[in-house]
Amino acid sequence: DQQVKQNSPSLSVQEGRISILNCDYTNSMFDYFLWYKKYPAEGPTFLISISSIKDKNEDGRFTVFLNKSAKHLSLHIVPSQPGDSAVYFCAASFNKLIFGTGTRLQVFP
Amino acid sequence: DAGITQSPRYKITETGRQVTLMCHQTWSHSYMFWYRQDLGHGLRLIYYSAAADITDKGEVPDGYVVSRSKTENFPLTLESATRSQTSVYFCASSEGATEQYFGPGTRLTVT
């Protein structure tokens, strides 16, 4: 049973526009959420995180929103750049990290 | 070099062979992890270790063995490789159970 779900396997966005990546979870015990970015032939790299006591965290072009009542988090990238093209994994933590299946973002000129 | 390294980066082996994937980190992080990445499954935890000589199972531990005699090393052994273990394997380390730093991965093919 998938505790962390990324229902969109891919997303295509024009350069300069907003990219919104979504993630749903089922376990209300998760207390920390993270987004990772992965380029081909490389390991995932940490992007941004949010504690369950917050509903928003911002870092430059990246903002993560957490809606605990809906068990939903999203990653907003504004403005999107071609270098943002990668696979994005959301992850939720309660003792261990549980990863979603990933969303492939393509940013085109 | 500082960071987390994995070796080999690519490995082809035959069914039934024993294979060991190596992981080394220079940060002296307490926690180390092994994941496998497969299409449709994302990253799944195989084993993890909270400190030297302390290891625990993750979501998909069957067919794998780990050890951690030194803080910096966390090898993963496939005792008798099967085709279902064809995957990309990632090692990670962290100071806590949250933000983890990943190695570059090992692509393993079992024929």
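Nothing here was measured: the structure is a model prediction, and the numbers come from that model.

1. Remarks on the overall build of chain B
Link 1 in the chain: For chain B, the count of helices and strands is zero helices and 11 strands.
Link 2 in the chain: Mapped in sequence order, the helices and strands of chain B form the string β-β-β-β-β-β-β-β-β-β-β.
Link 3 in the chain: A globule of 111 residues ought to have a C-alpha radius of gyration of about 13 Å, and chain B, at 13 Å, matches this closely.
Link 4 in the chain: Its C-alpha atoms give chain B principal-axis dimensions of about 35 × 25 × 25 Å.
Link 5 in the chain: Taking all 111 residues of chain B together, the buried fraction comes to 47%.
Link 6 in the chain: Looking at chain B alone, contacts between residues at least 24 apart form 54% of all its contacts between residues at least 6 apart.
Link 7 in the chain: Of the roughly 5,400 Å² of accessible surface on chain B, a fraction of 47% belongs to carbon and sulfur atoms.
Link 8 in the chain: Of the side-chain charges in chain B, 10 are positive and 11 negative, and the distance between the mean point of each set is 9 Å.

2. Structural notes on the interface of chain A and chain B
Link 1 in the chain: Opposite the 18 residues of chain A that make contact, chain B presents 17 residues.
Link 2 in the chain: Interface area for chain A against chain B, summed over the two sides, is near 1,400 Å², with a carbon-plus-sulfur share of 63%.
Link 3 in the chain: Of all residues in chain A, Pro44, Lys96 and Phe99 of chain A bury the most surface against chain B, accounting for 31% of the area lost on that side.
Link 4 in the chain: Linking chain A with chain B are zero salt bridges, by the criterion used here.
Link 5 in the chain: Linking chain A with chain B are two residue pairs in polar contact (both at pLDDT 80 or more).
Link 6 in the chain: At four residues, the largest contribution of residues to the side of chain A that touches chain B is made by strand β4 (residues 32-38) of chain A.
Link 7 in the chain: When the residues that make up the side of chain A that touches chain B are grouped by side-chain class, the tally is nine nonpolar, six polar and three charged.

3. Here's the deal with the pattern of salt bridges
Residues and elements named next belong to chain A.
Link 1 in the chain: For the structure shown, the criterion picks out six salt bridges over all chains.
Link 2 in the chain: In this structure, Asp84 engages Lys37 in a salt bridge whose closest nitrogen and oxygen atoms are separated by 4.0 Å. Taken together, the positions of Asp84 in the loop between β8 (72-77) and β9 (86-94) and Lys37 in strand β4 put the pair 47 residues apart, joining distant regions of the chain.
Link 3 in the chain: A relative accessible area of 11% means that Lys37 is categorised as buried.

4. Quick look at the state of the cysteines
As used in these notes, a disulfide is a covalent bond between sulfur atoms, one from each of two cysteines.
Link 1 in the chain: Applying the stated criterion to the full structure yields two disulfides over all chains.
Link 2 in the chain: Here Cys23 of chain A engages in a disulfide with Cys90 of chain A; their sulfurs sit 1.9 Å apart. Judged by the sign of its S-S torsion, about 60 degrees, the bond between Cys23 of chain A and Cys90 of chain A is right-handed. Highlighted residues: Cys23 of chain A in strand β3 (residues 19-25) and Cys90 of chain A in strand β9, separated in sequence by 67 residues. Of the two residues, Cys23 of chain A and Cys90 of chain A, both sit in the buried class.
Link 3 in the chain: The partner cysteine of Cys23 of chain B in its disulfide is Cys91 of chain B, sulfur to sulfur 1.8 Å. Across the disulfide from Cys23 of chain B to Cys91 of chain B, rotation about the S-S bond amounts to roughly -75 degrees, and the bridge is consequently left-handed.

5. With respect to the side chain of Ser74 of chain A
Link 1 in the chain: Examined against the element boundaries, Ser74 of chain A turns out to sit in strand β8.
Link 2 in the chain: At a separation of 3.4 Å, a polar atom in the side chain of Ser74 of chain A contacts the side chain of His76 of chain A.

What counts as what
Residues numbered from 1 in each chain as written. Chains lettered and ligands numbered in written order. Predicted model: local features only at pLDDT ≥ 70, side-chain atom pairs only at ≥ 80, totals over all residues. Heavy atoms only, no water. Helix = DSSP H or I, 4+ residues; strand = E, 2+ residues; numbered from the N terminus. Rg over C-alpha atoms; globule rule 2.2 N^0.38 Å. Buried < 20%, exposed > 50% of the residue type's maximum accessible area, 1.4 Å probe, protein only. Contact = heavy atoms within 4.5 Å. Areas by Shrake-Rupley, 256 points an atom, 1.4 Å probe, with all protein chains shown as cover. Lys, Arg positive; Asp, Glu negative; His and termini not counted. Charge placed at Lys NZ, Arg CZ, Asp CG, Glu CD. Buried area = accessible area lost by both parts, 1.4 Å probe. Salt bridge = Lys/Arg side-chain N within 4 Å of Asp/Glu carboxyl O. Polar contact = N/O pair within 3.5 Å; in protein donor to acceptor, adjacent residues only side chain to side chain. Nonpolar A, V, L, I, M, F, W, Y, C, P; charged D, E, K, R; others polar. Disulfide = S-S within 2.5 Å.

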